[in-house]
Amino acid sequence: MKNLSDINVIKSVMSRHGVTFNKGLGQNFLVDPEVCPAMAEAAGLNENTCAIEIGPGVGVLTAELAKRAGKVLSFEVDTRLLPVLSETLAEFNNVEIINQDVMKADLKGIIEEKCKGMEIAVVANLPYYITSPIIMLLLESRLPVKSVTVMVQKEAADRLCAEVGSRDGGAVTVAVSYYSEAQKLFYVPRESFLPPPKVNSEVIQLTVRPEPPVTVSDEEKFFKLVKAAFSQRRKTAENSISAGLGIPKPQIAEALEKAGLERTVRAEKLTMDDFAALAEILL
Ligand code: SAM
């Protein structure tokens, strides 16, 4: 098997198939030989796992998944990479490349059809231009996914894995914590990629919760409130919720008091329980 993290191997297979790097698709390929095996190990794959990958590139992580999982479904939007992948992954008979944009694919239908009875784990070196949309899509659509082990931009990792109620927290932190338990696994410097991106990276793991940590009667309204609260970070939660949801300030002040919160509190200080309580009172 070829060493797919070797710069010369990557360059030669791509040039043989006339493929150049497409920056717009976030094509920065891993060239550190230790990262992909470590990601695949961290995902805890076995014969009964169907691993879902987003963006195989030249297949460096795909191969590590194929060695450990029963099946690998890998979504790649760039049609030019298909002949490359046929060559680099030729020795595996448990890999299926799905030439679709992951954001538009019928993930639920595809998983139901192709991963019947298997445990699902998402493992990917994500295209950074759509990190949060992909993560939210995976979590919100309540796919039967056990865990999501992904490489993201360092700053995105800080936000996604922050504590709700801490300085680094944001609306996406609340959403991620609602659906999963997030943790950072390891740091990956920019030099580990070809071409090197401008930013450093981190591998994170989201373990999907069987049940959310708080009871919310209307999730859509709950998340609207969360988004409004964080929409103007330098303002108080009272001001941003009022502006974001068009609710008069005295009403918000009353809700904050009922929930046992100060009127001057900012969104970043609110806990999951605080957001749940405010949503129940206000919406
Ligand atoms: N897994 C490879 C690696 O680690 O070297 C490549 C990762 S590269 C950061 C991201 C990959 O995602 C590229 O292959 C790119 O073409 C693909 N991609 C970008 N947008 C996509 C989308 N919307 N759906 C599916 N794949 C996408």
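Please refer to the structure placed before this passage.
Residues numbered from 1 in each chain as written. Predicted model: local features only at pLDDT ≥ 70, side-chain atom pairs only at ≥ 80, totals over all residues. Heavy atoms only, no water.

## As for the nonpolar core
The biggest cluster of nonpolar side chains holds 64 residues, and the ones touching the most others in it are Ile52, Ile135, Val152, Phe222 and Phe275. Each of domain 1 (7–208) and domain 2 (219–282) gives at least three residues to this core. Among the nonpolar cores identified, the runner-up in size contains 37 residues, and Met39, Ala66, Val84 and Val188 belong to it. (Core = buried A, V, L, I, M, F, W, Y, C linked by side-chain atoms within 4.5 Å. Buried < 20%, exposed > 50% of the residue type's maximum accessible area, 1.4 Å probe, protein only. Domains from an automatic or database assignment.)

## Looking at the site of the ligand
What surrounds the ligand is a group of 24 residues, the closest being Leu30, Gly55, Glu76, Asn125 and Tyr129. At 3.0 Å from a nitrogen atom of the ligand is found a main-chain nitrogen or oxygen belonging to Val102. Here the ligand loses 99% of its free accessible area of 600 Å² to cover by the protein chains. Residue composition of the shell around the ligand, grouped by class: 13 nonpolar, 7 polar and 4 charged. (Near = heavy atom within 4 Å. Polar contact = N/O pair within 3.5 Å; in protein donor to acceptor, adjacent residues only side chain to side chain. Areas by Shrake-Rupley, 256 points an atom, 1.4 Å probe, with all protein chains shown as cover. Nonpolar A, V, L, I, M, F, W, Y, C, P; charged D, E, K, R; others polar.)

## As for the pattern of salt bridges
Scanning all chains against the criterion turns up 18 salt bridges. In this structure, Glu64 engages Lys67 in a salt bridge whose closest nitrogen and oxygen atoms are separated by 3.0 Å. Taken together, the residues span about one helical turn, with Glu64 and Lys67 both in helix H3 (residues 60–68) at a distance of 3 residues. When salt bridges that share partners are traced, they join Glu41, Glu64, Lys67 and Arg68 into one network. (Salt bridge = Lys/Arg side-chain N within 4 Å of Asp/Glu carboxyl O. Helix = DSSP H or I, 4+ residues; strand = E, 2+ residues; numbered from the N terminus.)

## Concerning the sheet that holds strand S5 (residues 119–125)
The strand order S4-S3-S2-S5-S6-S9-S7 describes an open sheet built from 7 strands, whose pairing is mixed. Each edge of the open sheet carries a strand with a single partner, namely strand S4 (95–98) and strand S7 (180–188). Averaged over neighbouring strand pairs, the angle between their axes works out to 20 degrees when direction is ignored. Of the pairings in the sheet, the one linking S7 to strand S9 (residues 201–208) comprises 8 bridges and is antiparallel in character. Paired with Val188 across the two strands is Ser201, which belongs to S9. Contacting S7 and S9, helix H8 (residues 171–179) crosses the sheet at an angle of about 115 degrees to S7. (Pairing = 2+ DSSP bridges. Axes fitted to C-alpha atoms, helices over the stretch in contact; angles between N-to-C directions. Contact = heavy atoms within 4.5 Å.)

## A few points about the state of the cysteines
Across all of its chains, the model carries 1 disulfide by this definition. Across the disulfide, Cys50 is cross-linked to Cys115 (sulfur-sulfur distance 2.3 Å). Separated by 65 residues along the polypeptide, Cys50 in strand S2 (residues 49–54) and Cys115 in the loop between helix H5 (107–114) and S5 bring together distant segments of the chain. As a non-bridged cysteine, Cys161 has Cys36 as the owner of its nearest cysteine sulfur, 19 Å distant. On the basis of relative accessible area, Cys161 is assigned to the buried category, the value being 19%. (Disulfide = S-S within 2.5 Å.)

## Quick look at the pairing of S2
Among the 6 residues that make up S2, 6 are buried, leaving the element largely enclosed by the rest of the structure. Across the two faces of S2 the burial is the same, with Thr49, Ala51 and Glu53 and Cys50, Ile52 and Ile54 all buried. Both S2 and S5 contribute to a ladder of 4 bridges, which runs parallel. Among the inter-strand pairings, Thr49 is bridged to a residue of S5, identified as Glu119. Handedness of the crossover joining S2 and strand S3 (residues 71–75) through H3: right-handed. (Right-handed = clockwise from strand over helix to strand, strands pointing away.)

## Structural notes on the packing of helix H2 (residues 35–42) against H3
At a minimum axis separation of 9 Å, H2 and H3 run at an interaxial angle of 40 degrees. Here H3 runs oblique to H2, going by the angle between their axes. Pair H2 / H3 crosses with right-handed handedness. For the pair formed by H2 and H3, the contact residues are Cys36, Pro37, Met39, Ala40 and Glu41 on the first element and Val60, Leu61, Glu64, Leu65 and Arg68 on the second. By residue class, the composition of the contact of H2 with H3 is 7 nonpolar, no polar and 3 charged. (Parallel < 35°, antiparallel > 145°, perpendicular 65-115°, else oblique. Left-handed = near helix turned anticlockwise from the far one by under 90°.)

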